[in-house]
Amino acid sequence: MKKRLYQALLGLVLSASVAAGGFFAAVPQTAYAQNVATDLESGYHLADNVQDGVILHCFDWTYQQIIDELPDIAKAGFSSVQTSPAQLAVKGNSIWYYLYQPNCFAVGDSGLGSEADLKRLCTEADKYGIKVIVDVVANHLAGDHSNIDSDLKGSEYWHHAGSNINYKNRWQITHGDIGMPDLNSENWLVQQKVSNYVQQLKNDGVDGIRWDAAKHISLPSEGCGFWSTVIDKSMYNYGEILVGAIDENEVDQRTASNINWMKEYTSYMSVTDSNYGNDVINAFNSGRVPSGFGSWVVSGLSEDTLVYWAESHDTYANDGGSTKYVDQNKIDRAYAIVGSRDGASALYFSRPAQTDKEKIMVGQKGSTHFESAEVAAVNHLHNACIDEEDYYTTTSDLSAAAVVRESGACVVLGSGGNREVTIANGGLRKDGSYTRTTPGVYYDEITGNKFTVTQDTISGEVGSTGIAVFYKDDNGQGGGSGGSGGSETSETRDIYLDVTNCSWFGSDSAVAAIKTDKDTTFSKMTTTVTTDTNKTVYTAKVPKDATSATIVRMLPSGKYYNEKTITLNQSYNRYTSDGNWFSLTTDLYNTQGGSGETQTGINVYFTNNYNWSNVYAYTWGGDGKQVQWPGEKMTYVGQNEYQQSVYMLQISADCKGLIFTNGSGAQTVDITSGIKENGGYYISGNASGKYSVGTYTYQK
């Protein structure tokens, strides 16, 4: 794979000796206005192809729901999105698994949207450099043949081996039924139907195919021409192959035939490594990091033919799903490991709001936790280090691990957070080469914590999420935290930046930073509450003789991107952004001798003992800002002694009421008394459809 060449960052000056953030290339506003598509792509620095990047599985989302989230998906570093099957199936308020029981091989509206909607998704995704992958069901059709393609109703188009499959027997795997009758993949008409469908998807703008149940379709060496007929190598292809071509779970027990079949699959597509994903999440469930660095790669498959995951729709949505009730933070730690690897792509699963298999419905948008700072940081590292070899290392007690790349590293704790770690800086590979992160000073993208890297060790404090990510850009610069760099003049005036309507701020812990034409470096802006609108806005003091300034989105590490140049003029002092950081309107804010009063607040905490995918706090009354349901998303702060996730939000000190909710129907009772600083809450039971709460005092 060709290493991605990133555009040089113009005028990037940071105080740290090694600064982070290359792929957050600044986008000049003049160019942005002229060519939205080109500059959206360059501004996010996503991978050029699917295999080099990471995939967001928008499970059961409608095409429109994906379109709405494209800006945040790009900001979070996902180079691809994966949809549920687009084939015609049962339409209406249908359960998710009906999409895996299609009636034919053609695009149809089964609850995700029309073919026109799919085309529109592909067009919009292109503007961000995001690839679209569609899940294709080719092994079978619906079990009820009354509504399937009439051309395929004849018995010659089906296998007749029954459903009692011995998963050590390859012939039974490729000919037996897996809940629905098995298509005769050797049949020419079946192959042509599937091939035509692939071309329909390609013509609609789809970039890649995820082949459902690929292990159940025979290979050319087994006398079947299916894959050689249907695969379009101008598109990305990856196949769902759980365990292996036959079920041999232990690496050292795999037969040569199994390995050879898997290698043959990879001559047509990338393949999933479900065993590795299971090993990684099982380790974190035990409070430790995984000891191994892979599964199928150990058996000789190249990493650039593999797709990893910490969680998939099979491990979550099915009855008895192994990750269904696993805390999201553990999933994120597992994803941090697999998503930091070289060569392999990694899939991040957007969890449905429901856990009951029969209540997970088509068209119900899942969790947006993919926007979190820790997930985004892992993706950013992945994209910045394309084609750099990795080395997986752990502490001797398996309490911490690091995926080491030349330009940076991802450090993950087996459990807990907010503690210092020292771990080996890479190691000796089998080919005799040594992989290590370039020595220097780095800053964690998530927390801004300092990491010191020597020839031998990596040392620093991992934050509350248990994940730390740092790296340098193509210019050799690493993370630093801005610095004042201001003008020496004492004559200043206040300006204000209102981004309350802009989704670009906050989701990845980014804040506004400013540099005027009189300054040398960026300074983070502070916040205040304006007296005329009661909005929390950014503010900064700028030299009175400054005529222009550049505002950027800055992460805790000091990396910044999405530059916006403004004119400084005595006629106005407030700049209000639209929803996409595209244009700013100006007006004069009369401070009446001040810049508004700072809002006072208290911190409240919620223990997520019911494993909600998202946690929001809705408040009302008092002098705080008014928010719409479901309220404000709470910030993850760590785990308690029972390995339950704890979230925090600052609310108005005089708020009159408080509700915690997952934003998808589950909520607590109204809390109208006892709201205080460091007040903690957890779900203690159910009261008339709403959860009752218990209380505690949060202590760090």
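See the structure above.
Presented here is a report on the structure given in the accompanying data block.

The rules we used
- Residues numbered from 1 in each chain as written.
- Predicted model: local features only at pLDDT ≥ 70, side-chain atom pairs only at ≥ 80, totals over all residues.
- Heavy atoms only, no water.
- Helix = DSSP H or I, 4+ residues; strand = E, 2+ residues; numbered from the N terminus.
- Buried < 20%, exposed > 50% of the residue type's maximum accessible area, 1.4 Å probe, protein only.
- Contact = heavy atoms within 4.5 Å.
- Areas by Shrake-Rupley, 256 points an atom, 1.4 Å probe, with all protein chains shown as cover.
- Pairing = 2+ DSSP bridges.
- Right-handed = clockwise from strand over helix to strand, strands pointing away.
- Axes fitted to C-alpha atoms, helices over the stretch in contact; angles between N-to-C directions.
- Parallel < 35°, antiparallel > 145°, perpendicular 65-115°, else oblique.
- Left-handed = near helix turned anticlockwise from the far one by under 90°.
- Nonpolar A, V, L, I, M, F, W, Y, C, P; charged D, E, K, R; others polar.
- Phe/Tyr/Trp six-rings, centres within 6.5 Å; stacked < 30°, edge-to-face > 60°.
- Lys NZ or Arg CZ within 6 Å of the ring centre and 35° of its normal.

### Things to note about the overall build of the protein
And step 1. Along the protein, the regular secondary structure elements total 12 helices and 35 strands.
And step 2. Within the protein, buried positions represent 59% of all 700 residues.
And step 3. In the protein, of all internal contacts separated by at least 6 residues, the share reaching a separation of at least 24 is 70%.
And step 4. In the form shown here, the protein has an accessible surface area of approximately 26,300 Å², with 46% of it arising from carbon and sulfur atoms.

### Some words on the sheet that holds strand E29 (residues 616-620)
And step 1. Spatial ordering of the open sheet is given by E30-E29-E33, a layout of 3 strands whose pairing is antiparallel. Of all the strands in the sheet, just strand E30 (632-633) and strand E33 (657-661) have a single pairing partner and so form its edges.

### Remarks on the pairing of strand E1 (residues 54-57)
Along a regular strand, successive side chains alternate from one face of the sheet to the other.
And step 1. Burial of the side chains of E1 extends over both faces: Val54 and Leu56 are buried on one face and Ile55 and His57 on the other.
And step 2. The pairing of E1 with strand E8 (residues 345-349) spans 4 bridges and is parallel. Paired with Leu56 across the strands is Tyr348, a residue of E8.
And step 3. With helix H3 (residues 63-75) bridging E1 and the parallel strand E2 (residues 80-83), this β-α-β connection has right-handed handedness.

### Considering unusual backbone geometry
And step 1. Residues other than glycine seldom take positive phi values, yet His45 does so here, at roughly 50°.
And step 2. Along the chain, the position of His45 falls in the loop between helix H2 (36-44) and E1.
And step 3. The phi dihedral of Ala213 is positive, around 55°, even though this residue is not glycine.
And step 4. On the secondary structure map, Ala213 appears in the loop between strand E4 (208-212) and helix H7 (226-230).
And step 5. The exposure class assigned to Ala213 is buried, which follows from its relative accessible area of 5%.

### Some remarks on the packing of helix H9 (residues 274-285) against helix H11 (residues 328-338)
And step 1. Between H9 and H11, whose axes approach to 9 Å, the crossing angle comes to 135°. When the axes of H9 and H11 are compared, the pair comes out oblique. The handedness of the crossing between H9 and H11 comes out as right-handed. Judged by residue contacts, Tyr276, Val280, Ile281, Phe284 and Asn285 of H9 engage Lys330, Ile331, Arg333, Ala334, Ile337 and Val338 from H11.
And step 2. When the residues that make up the contact of H9 with H11 are grouped by side-chain class, the tally is 8 nonpolar, 1 polar and 2 charged.

### Here we look at the pairing of strand E19 (residues 492-498)
And step 1. Among the 7 residues in E19, 5 count as buried, and that is most of the element.
And step 2. Pairing between E19 and strand E23 (residues 536-543): 6 bridges, direction antiparallel. Bridge pairing in E23 links Tyr496 to Thr539.
And step 3. Two strands pair when backbone bridges link them, and E19 and strand E26 (residues 574-577) are joined in this way by 3 bridges, in the parallel orientation. Residue pairing in the sheet places Asp498 in a bridge with Thr576 of E26.

### Here's the deal with helix H8 (residues 256-265)
Side chains that are three or four residues apart share a direction in an α-helix, a result of its 3.6 residues per turn.
And step 1. Among the residues of H8, Asn258, Ile259, Trp261, Met262, Glu264 and Tyr265 are the ones counted as buried.
And step 2. The inward-facing, buried residues of H8 abut helix H5 (170-175), H7 and strand E6 (270-272).

### A closer look at the packing of aromatic side chains
And step 1. Applying the stated rule across the entire model yields 30 aromatic pairs.
And step 2. Ring geometry for Trp211 versus Phe226: centroids 6.3 Å apart, planes at 80°, classification edge-to-face. You can see Trp211 sitting in strand E4 and its partner Phe226 sitting in helix H7, a full 15 residues away along the chain.
And step 3. Owing to a relative accessible area of 0%, Trp211 belongs among the buried residues under this scheme.
And step 4. Of the residues examined, Phe226 reaches a relative accessible area of 0% and is grouped as buried.
And step 5. Clustering of aromatic rings is evident, with ring pairs tying together Phe59, Trp96, Tyr97, Tyr98, Tyr100, Tyr316 and Phe349.
And step 6. The residue whose ring lies beneath Arg254 is Trp296, and the NZ or CZ to ring-centre distance is 3.6 Å.
And step 7. Directly above the ring of Tyr316 sits Lys324, whose terminal nitrogen or CZ lies 5.7 Å from the centroid.

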